[in-house]
Amino acid sequence: MPDAEIIIVEGKKIKFSNPEKPLWPEAGIRKIDYLARMMELAPYILPHSQDRLLTSIRYPHGAGGESFYQKNAPEHTPEWVNTHTWNNVSYILLDSLPTLAWLVNLAALEFHTSFNTWQRENHPTAIVFDLDPSEGQRFEDVAEVALLVKETLDSLSITSFIKTSGATGLQIYIPVGGRYDYDKARRINTFFGSYFSQKHPDKITIERMIEKRGTRVYFDYLQMWQGKTIAMVYTPRATQQATVSMPIRWEELKKGVRPEDFTLNNALERLKKEGDLFAPLLEDRSQESLDSLLAYAEKVT
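Within each chain, residues carry numbers counting from 1 in the order of the written sequence. For a predicted model such as this one, the threshold for reporting local features is a pLDDT of at least 70, and the threshold for listing and counting side-chain atom pairs is 80 or more; totals across whole chains, interfaces and linings nevertheless cover every residue. Hydrogens are left out, water is left out, and the side-chain values use all remaining heavy atoms of the structure.

Some thoughts on the sheet that holds strand 12 (residues 170-175)
In step 1: A pair of strands is labelled paired if DSSP reports no fewer than 2 bridges between them. Only DSSP runs of H or I covering at least 4 residues are called helices, and only runs of E covering at least 2 are called strands; the numbering of each starts at the N terminus. Across the sheet, six strands lie side by side as 13-14-10-12-11-16; this open sheet has mixed pairing. A single partner strand is all that each edge strand has here, and the edge strands are strand 13 (204-205) and strand 16 (247-248).
In step 2: Two strands pair when backbone bridges link them, and strand 11 (residues 161-164) and strand 16 are joined in this way by two bridges, in the antiparallel orientation. From the neighbouring strand, Ile162 faces strand 16, where its bridge partner is Ile248.
In step 3: The contact definition used throughout considers only heavy atoms, calling two residues in contact when any of these lie within 4.5 Å. Each axis is a line fitted through C-alpha atoms, taken for helices only over the stretch in contact, and angles between the N-to-C directions span 0 to 180 degrees. Strands in contact with helix 4 (residues 182-199) are strand 10 (126-132), strand 13 and strand 14 (217-220); relative to strand 10, the strand with the most contacts, it is inclined by about 40°.

So, in C-alpha cells, the structure goes:
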C-alpha cells in the first residue's frame, strides 16, 4: 500500500497518509484498521459528538508516543469541516463521517468534548461525577465507590447512567437536558462531592492535591465546567489495549466488568448486542429535576 492515497468519504476527498503505520501496536491496530473501526462506530459516536466542542489528543507516532492536544482547528482544516468559535478558539464539530475520517488521518486517538452543546454554551446537558483512583488503588475500588453513589441516587429516585472512562476511572451521568446553568450545576456537584466524602471519608475524597488523597477515590466535582471537557462516550483511548469509553449497565459493574473489556477490536460487537446505552442522554425529555436538592444545597452552602 502506498504511503498516501486519496480516499473519498461521502463525496469528500481526504489524503490518507501512512495507512500501514501501527497506532496501537500491542492491539495490532494500524492506521487503516483504525479508520475501518471508526467508520463502523460512527453511527454511535456522531450523535453524541455532533453539537459539542471537540478537543482531540493527537499521537503522531501512535499510542505510547508523544502527544498533543488540538483545540483550535489547524490551518489546513478542509472548508467542509464545521467549526464553532468560542473564546477565540475555533473548535471542530465532529458531526460527519468525512470529519471523523479526516481526524483519524491526523492520528487523533482520543476525543474529548464539552459538557454543553455549542447552541447552549452555559448549560451542561448532564450532571457528571468523575471518579478516579488514587495512587495504589485498583479499578475495583472505583467500582465500589460508584455503587455507593448509585445507592444514594436510587434512594433519591434520581436516574443515572455510567460509563468507563476507557482508562482507569468511571463517570456517572445524571441527565438534566440543559436545565441548569454551570453555576447551578457546579453547586449541585459540590454538594454531592461534599456529601459523599463526608459519608464515606475512608473511601472518597474531594482533595485536589494528589499527595493528600491517600488511598481514596477522587470525586472530581470541578471538572464539569464551561470550557472543560471529558472523554466522550465511545472515544478510543491511547492505552496498550486500545480501550474504548463504554456505557455499561449497573448490573455489569456489580459483576466485575473492567475497562479493558471494551476495545476498538470488540466495541462494535458489544454495541450491536446492547445498543447505545447512553441514547437517553440525547433526549431533552429524559431529564431529572434536581430543583429541591439545589434549593437545599443553596441553603446549606
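A few points about the nonpolar core
In step 1: One finds Tyr34, Phe111, Phe129 and Leu253 to be the most contacted residues of the largest nonpolar core, which totals 88 residues.
In step 2: Among the elements that take part in this core, helix 1 (residues 31-49) stands out by supplying nine residues, more than any other.
In step 3: Other than its neighbours up to four places away in sequence, Leu253 contacts Phe139, Ala143, Ala146, Leu147, Ile162, Leu170 and Ile248.
In step 4: The next biggest cluster of nonpolar side chains, apart from the first, holds five residues, and it includes Leu53, Trp86, Val89 and Leu93. The definition of a nonpolar core used throughout is a set of buried Ala, Val, Leu, Ile, Met, Phe, Trp, Tyr and Cys residues joined through side-chain atoms within 4.5 Å. Each residue is placed in one exposure class: buried if its accessible area under a 1.4 Å probe, protein chains only, is under 20% of its type's maximum, exposed if it is over 50%, and partly exposed if it falls in between.

Brief notes about the domain arrangement of the chain
In step 1: Domain ranges listed in this record stem from an automatic or a database domain assignment. Each assigned domain of the chain is listed here: domain 1 (5-117) and domain 2 (126-227 + 246-298).
In step 2: Of the residues lining the interface, 15 residues belong to domain 1; the matching set on domain 2 comes to 17 residues.
In step 3: Put simply, buried area is the surface a 1.4 Å probe can reach on two separate parts but cannot reach once they are joined, added for both. Overall, the association of domain 1 and domain 2 removes approximately 1500 Å² of surface from exposure, summing both partners, and the carbon and sulfur fraction of that is 67%.
In step 4: Of all residues in domain 1, Tyr44, His48 and Phe115 bury the most surface against domain 2, accounting for 45% of the area lost on that side.
In step 5: By definition here, a salt bridge exists when the distance from a side-chain nitrogen of Lys or Arg to a carboxyl oxygen of Asp or Glu is within 4 Å. Counting the contacts that link domain 1 with domain 2 gives zero salt bridges.
In step 6: We call two N or O atoms a polar contact when they sit within 3.5 Å, provided that within protein one can donate a hydrogen and the other can accept it, with sequence-adjacent residues counted only if both atoms are side-chain atoms. For the interface between domain 1 and domain 2, the tally reads four residue pairs in polar contact (both at pLDDT 80 or more).
In step 7: Elements supplying a minimum of two residues to the side of domain 1 that touches domain 2: helix 1 and strand 9 (108-117).
In step 8: The biggest single contributor to the side of domain 1 that touches domain 2 is helix 1, with eight residues.
In step 9: Ten residues, namely Ala, Val, Leu, Ile, Met, Phe, Trp, Tyr, Cys and Pro, are considered nonpolar, four, namely Asp, Glu, Lys and Arg, are considered charged, and the remaining ones, Gly among them, are considered polar. Among the residues making up the side of domain 1 that touches domain 2, the classes are represented as 10 nonpolar, two polar and three charged.

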